[in-house]
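Single-letter residue listing:
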Amino acid sequence: MFDAGVKLPVPAKAPRFRPATQESPAVRWLLIGIAVLGLAVLVVAPLAAVFTEALAKGWAAAVTSLTHKDARDAIRLTLLITAIAVPLNAVFGIAAAWFITKFDFRGKAFLITLIDLPFSVSPVVAGLCLVLLFGANTALGGWLVAQGYPIIFALPGIALATMFVTFPFVARELIPVMIEQGRVEEEAALTLGASGWRIFWTVTLPNIRWALLYGVLLCNARAMGEFGAVAVVSGKIRGQTATMPITIEMMYNEYLSVAAFSLAAVLTALALVTLLLKTALEIRHADALAATHRH
Amino acid sequence: MGRPLLQRSPMPGLGLSMGITLTMLSIVVLLPIGALLLRGASFGLGNMWEVVNRPRVWSALFLSFRLSLLAAVFNLVFGVLLAWVLVRYRFPGRRILDAAVDLPFALPTAVAGIALTALYAPNGAFGSLAREVGVKIAYTQWGILIALIFVGLPFVARTVQPVIEEIEREVEEASATLGASRFYTLRHVILPMLAPAALTGFALALARAVGEYGSVIFIAGNIPLLTEIAPLLIVIQLEEFNYDGAAAIGIAMLLISFAMLLAINLIQIWSRRRIGHV
């Protein structure tokens, strides 16, 4: 039947084949074009504007403005606030994740909702809440001021405001990861006689370290840049309660454009470093992060 | 007899983890919010209504809500498109594009605010282009809308992305073998699967935009009745030491954001039921 001598007619060029589960190349490139153009205009352009405005009068002017006392004080205060707020929120995140994932109790969903609450409260309202609790004209605040511990218009208020707006970050990242990992490994360690702290340091922490780092990274980025909540509680005292974002606002309103944008450029550079680290974590340790971040 | 309040467990650290969780949650979040509600209660419902029921407050609340809704709708469409492009297509620079989506999360709001103002001011790069066609962006409602689009940009893309990754190709193939066009498959098979996640992102973007302050106040111009947002009113009341007035507007904003989240949750439950468990 099959004669080797017969040659089937082969078309000079096979027609291009497109899988039925793909868009046509024209549509594909159109969508990519819209995405790239949209992000360039909406996100990349503002980023570039920070640096061009900072360098509008040259490098020297930008660097000089950063060595000014107001700028240095602001950088120092922001670093201090971050060094207080982020570790405290990390401790909270670990404790909350342990409590929620290692034990069974009623009202767990409600507790998770409460932890997420700060994400749906306006930062300005968050600051307002703190003023109404700790302000000098309230019962608690007045008593604290009398004891010599003012909260509002002072460092503790700024730290509390920063903690409020960044409160859920670490817990939110750890809870899904620890639910997925279950309790089997901890239970095994328990039957082998390990103490609670030993279980945490040698079993749990190595399992959650990348997720913890990821949560801390997000918390840190937001903590350094928080504006609305801090603006309400800080009182904006130069050299004392003016964080970097607050100082940027004050300089901008005084038409010190180069100084404002130079300080903004420092924060932007830190944001870019955060993104870089975050992307690196997502690529190298995708399996260790919460399901929603998988790539 | 129902579940016990707390099931017995041999796992260590119950007291410590529960203690830290509840203490910190109370000090940082619950007590301050309680103080706001208490202040409102002692001020009285009638008095609070008097504060809120003024043209300036209504127009600020309405402006914040309306522009946030517009920005969230824009981000809903653009976010789904972004997620689709980032997951399904391979092209040079995809990783950079993916990282750029997160920039609005990482960039401090005050920095975003002054940067957007510099761009869209009449003498800025985009502002001067707009001026040539006779449009003013900065210091108008357009400026506020652009700032709100910026801060809400990542939410929908980031919630939808993992869902697209998990869609099984077989579903699309089945649809195609049954004779559906690609557009029909996207519209009637893919889009319904993305709807719940997209709505979640939409809700998050909306909640964020309604409360947004830092990125908006620089570009808004802050003219009463025209470009004054609700959070700014609270700041103004506080600067006048009118704590009762600030509390009244703060509670109104809390109520609006909770009502919105509730509505979105109901829509989500409804859409899950209609489409099945996805």
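Residues numbered from 1 in each chain as written. Chains lettered and ligands numbered in written order. Predicted model: local features only at pLDDT ≥ 70, side-chain atom pairs only at ≥ 80, totals over all residues.

Q: Describe the overall build of chain B, listing the residues and the values that go with them.
A: Within chain B, the regular secondary structure consists of 13 helices and zero strands. Projected onto its principal axes, the C-alpha coordinates of chain B cover approximately 75 × 65 × 35 Å. Counting over 278 residues, chain B shows a buried share of 46%. For chain B, the share of sequence-separated contacts (at least 6 apart) that also reach a separation of at least 24 residues comes to 78%. (Helix = DSSP H or I, 4+ residues; strand = E, 2+ residues; numbered from the N terminus. Buried ≥ 20, exposed ≤ 12 C-beta atoms within 10 Å, placed from the backbone. Contact = placed C-beta atoms within 7 Å.)

Q: For the overall build of chain A, give the residues involved together with the corresponding values.
A: For chain A, the count of helices and strands is 13 helices and zero strands. Counting helices and strands in the order they occur from the N terminus, chain A gives α-α-α-α-α-α-α-α-α-α-α-α-α. In terms of overall size, chain A is more extended than a compact globule, its C-alpha atoms giving a radius of gyration of 27 Å where 295 residues would be expected to give roughly 19 Å. Each principal axis of the C-alpha atoms in chain A carries an extent, and together these give about 105 × 65 × 30 Å. (Rg over C-alpha atoms; globule rule 2.2 N^0.38 Å.)

Q: Would you mind going over the UniProt feature "transmembrane region" (unreviewed entry) in chain A in detail, with residue names and values included?
A: All names here are of chain A. Per the UniProt annotation, the sites labelled "transmembrane region" (unreviewed entry) are residues 29–56, 77–100, 120–144, 151–171, 211–234 and 255–277. Spanning residues 29–56, this segment combines 93% helix with 0% strand, and its end C-alpha atoms are found 36 Å apart. Between the C-alpha atoms that bound residues 211–234 the distance is 32 Å, and the span itself is 92% helix and 0% strand. (UniProt positions renumbered as here; feature names shortened; annotations may be inferred.)

Q: Please give an account of the UniProt feature "domain: ABC transmembrane type-1" (unreviewed entry) in chain B that cites residues and values.
A: As recorded in UniProt, the sites labelled "domain: ABC transmembrane type-1" (unreviewed entry) are residues 61–264 of chain B. Annotated as 80% helix and 0% strand, the span residues 61–264 of chain B places its first and last C-alpha atoms 19 Å apart.

Q: Report on the UniProt feature "domain: ABC transmembrane type-1" (unreviewed entry) in chain A, specifying residues and quantitative values.
A: Residues given the UniProt feature "domain: ABC transmembrane type-1" (unreviewed entry) here are residues 75–276 of chain A. Helix makes up 78% of residues 75–276 of chain A and strand 0%, and the two end C-alpha atoms of the span are 22 Å apart.

Q: Could you give an account of the nonpolar core, naming the residues involved and the relevant values?
A: Residues Leu128, Leu174, Leu263 and Ala264 of chain A together with Ile114 of chain B are the most contacted members of the largest nonpolar core, which totals 174 residues. Ranked by residues supplied to this core, first place goes to helix H3 (residues 69–102) of chain A with 15 residues. In terms of domain composition, this core takes at least three residues from each of domain 1 (24–54) and domain 2 (59–293) of chain A. Residues in contact with Leu263 of chain A, not counting those within four places in the same chain, are Leu66, Ala71, Ala74, Met244, Thr247, Ile248 and Met251 of chain A. (Core = buried A, V, L, I, M, F, W, Y, C linked by C-beta atoms within 7 Å. Domains from an automatic or database assignment.)

Q: Explain the domain arrangement of chain A to me, using residue names and the numbers behind them.
A: Residue and element names in this part refer to chain A. Partitioning chain A into domains gives domain 1 (24–54) and domain 2 (59–293). Contact residues are listed per partner, giving five residues for domain 1 and eight residues for domain 2. A class-by-class count of the residues in the side of domain 1 that touches domain 2 yields four nonpolar, no polar and one charged. (Nonpolar A, V, L, I, M, F, W, Y, C, P; charged D, E, K, R; others polar.)

Q: Give a description of the interface of chain A and chain B that names residues and reports values.
A: In this assembly, 79 residues from chain A lie in contact with 76 residues from chain B. If one sorts the elements of the side of chain A that touches chain B by residue count, helix H1 (residues 25–54) of chain A sits on top with 17 residues. Counted by class, the side of chain A that touches chain B contains 57 nonpolar, 11 polar and 11 charged residues.

Q: Explain unusual backbone geometry to me, and be specific about the residues and the numbers.
A: Positive phi is not limited to glycine here, since Tyr255 of chain A has a value of about 60 degrees. The residue Tyr255 of chain A is located in the loop between helix H12 (244–253) and helix H13 (257–284) in this model. Among the residues examined, Tyr255 of chain A registers 8 C-beta atoms within 10 Å and is labelled exposed. Unlike most non-glycine residues, Tyr139 of chain B shows phi in positive territory, near 65 degrees. Mapped onto the elements, Tyr139 of chain B comes out in the loop between helix H7 (125–132) and helix H8 (141–166). A count of 21 C-beta atoms within 10 Å places Tyr139 of chain B in the buried class.

Q: Requested: an account of the UniProt feature "transmembrane region" (unreviewed entry) in chain B, with residues and values cited.
A: Residues and elements named next belong to chain B. Look at the UniProt record and you will see "transmembrane region" (unreviewed entry) annotated at residues 12–38, 58–87, 99–121, 141–160, 189–210, 216–236 and 248–270. Measuring from the first to the last C-alpha atom of residues 12–38 gives 37 Å, for a span that is 93% helix and 0% strand. A distance of 32 Å separates the end C-alpha atoms of residues 189–210, which is 100% helix and 0% strand.

Q: Can you break down the environment of Leu116 of chain B residue by residue, with the values?
A: Here Leu116 of chain B shows up in helix H6 (residues 109–120). A sequence separation of 31 residues divides Leu116 of chain B from Ala147 of chain B, and the C-alpha atoms of the two residues are 7.1 Å apart. If sequence neighbours within four positions are ignored, Leu116 of chain B has contacts with Pro46 of chain A together with Ile146, Ala147, Phe150, Ser215 and Ile219 of chain B.

Q: Quick one: what's the story with helix H12 (residues 230–239) of chain B, residue by residue and with numbers?
A: Residue and element names in this part refer to chain B. Taken together, the buried positions of H12 are occupied by Ala230, Pro231, Leu233, Ile234, Gln237 and Leu238. One side of H12 carries all its buried residues, which in axial view fall inside an arc of 155 degrees. A positive backbone phi angle near 60 degrees is found at Phe241, which sits one or two residues after H12. (Arc of directions from axis to C-beta.)

Q: With reference to specific residues and values, describe the packing of H6 of chain B against H8 of chain B.
A: When two helices pack together, their arrangement is given by the angle between the helix axes and the distance between those axes. All names here are of chain B. Two elements in contact, H6 and H8, have axes separated by 11 Å at closest approach and are oriented at 135 degrees. Taken together, H6 and H8 sit at an angle that is classed as oblique. With respect to the hand of their crossing, H6 and H8 are arranged in right-handed fashion. For the pair H6 and H8, the contacting residues are Thr109, Ala112, Gly113, Leu116 and Tyr120 in the first and Gly143, Ile146, Ala147, Phe150 and Val151 in the second. A class-by-class count of the residues in the contact of H6 with H8 yields seven nonpolar, three polar and no charged. (Axes fitted to C-alpha atoms, helices over the stretch in contact; angles between N-to-C directions. Parallel < 35°, antiparallel > 145°, perpendicular 65-115°, else oblique. Left-handed = near helix turned anticlockwise from the far one by under 90°.)

Q: Account for the packing of helix H5 (residues 123–134) of chain A against helix H1 (residues 14–43) of chain B, naming residues and giving values.
A: Where H5 of chain A meets H1 of chain B, the closest approach of the two axes is 8 Å, and the angle between their N-to-C directions is 80 degrees. By the angle class used here, H5 of chain A and H1 of chain B are roughly perpendicular. For the pair H5 of chain A and H1 of chain B, contact is made by Leu128, Cys129, Leu130, Leu132 and Leu133 of chain A and by Leu31, Pro32, Ile33, Ala35, Leu36 and Arg39 of chain B, respectively. Residue classes in the contact of H5 of chain A with H1 of chain B are distributed as 10 nonpolar, no polar and one charged.

Q: Account for the environment of Val235 of chain B, with residues named and values stated.
A: Considering the arrangement of structural elements, one finds Val235 of chain B in helix H12. Between the C-alpha atoms of Val235 of chain B and Ala246 of chain B, which are 11 residues apart in sequence, the distance is 7.6 Å. Those residues within four positions of Val235 of chain B in sequence are excluded, and the remaining contacts are Val124 and Val232 of chain A.

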